[in-house]
Amino acid sequence: MMWDKGAAARNNKFVTCGSVLKLLNVDYRVRLHSHDVKYGTGSGQQSVTATEVQEDVNSHWSVMAATGKFCERGQPIKCGDTIRLHHLSTNKNLHSHHFQSPLSGNQEISAYGDDKGIGDSGDHWLVVCSGDSWLRDTPVKLRHVDTDAYLSISGRTFGRPINGQFEVVGISNPYSGTDWTAAEGLFIHPAEGESGEPRHTEL
């Protein structure tokens, strides 16, 4: 069977439900990251940072429906959809709430959830983009549903034990460091429902 390069390219352009990806901040060129290190202040929950290291396995996030909702694997994520970003290595969800971030005093971003990866409405993020769906090569903003803060980078970096990693924060101003694009990942597509063969770029 001949491989239709054109059809593959068309199918490959969306971020979809069930995709596993790394999110790259457009302004700072760092990838959204987490690890089993808790904040020493604020909520005391698992910390979320950003790293310049491209290959780190702790930068993988799975795109999922909001808590209690369902999305079909391979279904394109629409602009205006509410999603969760599930951290694969630690089974927590990207989360925010009214705590101060440790370095800049902005809104804290953490990773949260029980041992089954179930959290609460603080895990919900609205995909802000133009057009119909989230395109892999087009930046989007992620707005926290509970607090209206935008996922961003403060520009400050941590010392030990996460030396050199950037502080990830929530801010009310949508214009500073709030654009994110899908970088490396494994993207599930609708046509693969029967074949079960996801197309992917390097994780």
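My aim in this report is to walk through the structure given alongside it, one point at a time.

About the cut-offs
Residues numbered from 1 in each chain as written. Predicted model: local features only at pLDDT ≥ 70, side-chain atom pairs only at ≥ 80, totals over all residues. Heavy atoms only, no water. Helix = DSSP H or I, 4+ residues; strand = E, 2+ residues; numbered from the N terminus. Buried < 20%, exposed > 50% of the residue type's maximum accessible area, 1.4 Å probe, protein only. Areas by Shrake-Rupley, 256 points an atom, 1.4 Å probe, with all protein chains shown as cover. Polar contact = N/O pair within 3.5 Å; in protein donor to acceptor, adjacent residues only side chain to side chain. Contact = heavy atoms within 4.5 Å. Phe/Tyr/Trp six-rings, centres within 6.5 Å; stacked < 30°, edge-to-face > 60°. Lys NZ or Arg CZ within 6 Å of the ring centre and 35° of its normal. Pairing = 2+ DSSP bridges. Salt bridge = Lys/Arg side-chain N within 4 Å of Asp/Glu carboxyl O.

With that settled, consider the overall build of the protein. Helices and strands together make up the secondary structure of the protein, namely two helices and 13 strands. Taken over 203 residues, the protein has a buried fraction of 48%. In the form shown here, the protein has an accessible surface area of approximately 9,900 Å², with 50% of it arising from carbon and sulfur atoms.

On to the side chain of His-87. Take His-87: it is sitting in strand β5 (residues 82-87). The class for His-87 is buried, based on a relative accessible area of 0%. Within the structure, His-87 has its side chain in polar contact with the side chain of Thr-90 (distance 2.7 Å). Once you skip the residues sitting within four places of it in the chain, His-87 turns out to touch Ser-34, His-35, Gln-46, Asn-58, Ser-59, His-60, Trp-61 and Lys-92.

What follows covers the packing of aromatic side chains. For the structure on display, the rule yields one aromatic pair. Cation over ring: Arg-136 sits above Phe-187, and NZ or CZ is 3.7 Å from the ring centre.

With five of six residues buried, β5 is to be regarded as a mostly interior element. Relative to β5, strand β4 (residues 61-65) runs antiparallel, the two being bridged by five bridges. Within β5, the residue paired with Trp-61 across the bridge is His-87. Where β5 and strand β8 (residues 125-128) come together, two bridges link them in antiparallel fashion. Note on β8: the bridge partner recorded for Thr-82 is Leu-126.

In terms of residue burial, strand β12 (residues 180-187) counts as a mostly covered element, since seven of its eight residues are buried. As judged from the five bridges shared by strand β1 (residues 20-25) and β12, these two strands associate in the antiparallel manner. Its bridge partner lying in β12, Leu-23 is registered against Ala-182.

Once that is clear, we can look at the pattern of salt bridges. According to the stated counting rule, one finds five salt bridges in the structure shown. With a closest N to O distance of 3.7 Å, Asp-36 and Lys-38 form a salt bridge. Judged by relative accessible area, Asp-36 falls into the exposed class, the value being 61%. Note that Lys-141 and Asp-179 form a salt bridge whose closest N and O atoms lie 2.8 Å from each other. Remark: Asp-179 occurs in the loop between β11 (166-171) and β12 and Lys-141 occurs in strand β9 (residues 141-144); sequence separation between them is 38 residues. Judged by its relative accessible area of 17%, Lys-141 falls in the buried class. With relative accessibility at 27%, the residue Asp-179 sits in the partly exposed group.

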